[in-house]
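Commentary on secondary and tertiary structure
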Amino acid sequence: MRIPLLDAEGMTLVKLHGIEAHGIWIESQDLTNELMAKFGCSSSRTTPIVFIPFAKLEFIIAALDSLSLSEPAFGL
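Residues numbered from 1 in each chain as written. Predicted model: local features only at pLDDT ≥ 70, side-chain atom pairs only at ≥ 80, totals over all residues. Heavy atoms only, no water.

**So, the nonpolar core**
Membership of the largest hydrophobic core is limited to five residues, which are I3, I24, I26, I52 and L57. Setting aside anything within four residues of it in sequence, one finds I3 in contact with I26, I52, K56 and L57. (Core = buried A, V, L, I, M, F, W, Y, C linked by side-chain atoms within 4.5 Å. Buried < 20%, exposed > 50% of the residue type's maximum accessible area, 1.4 Å probe, protein only. Contact = heavy atoms within 4.5 Å.)

Pasting the structure below:
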């Protein structure tokens, strides 16, 4: 998933917690790490989740539970 609000250059691995009409609720370990560092914490009883409006997403990559092959690796 590319979310410029979280990482302007790269992709971000997140856990999806909910979908609403205008966006998604996600958990991001990178965001959690940043918040912990900012507030001087090493642990928390809660895990932060953040709402990202669909307008702020560039794309989402998901996975199916099926075999995936690299075509170039097999000469295809």
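**Quick look at the sheet that holds strand β1 (residues 15-20)**
One open sheet accounts for three strands, arranged β1-β2-β3; its pairing is antiparallel. Taken across any chain shown, the strands that pair with only one partner, and hence form the sheet edges, are β1 and β3 (50-53). Neighbouring strand axes in the sheet, compared pairwise and without regard to direction, differ in orientation by 30 degrees on average. Across four bridges, the pairing between strand β2 (residues 23-27) and β3 is antiparallel. Its bridge partner being in β3, G23 is matched across the sheet by P53. (Pairing = 2+ DSSP bridges. Helix = DSSP H or I, 4+ residues; strand = E, 2+ residues; numbered from the N terminus. Axes fitted to C-alpha atoms, helices over the stretch in contact; angles between N-to-C directions.)

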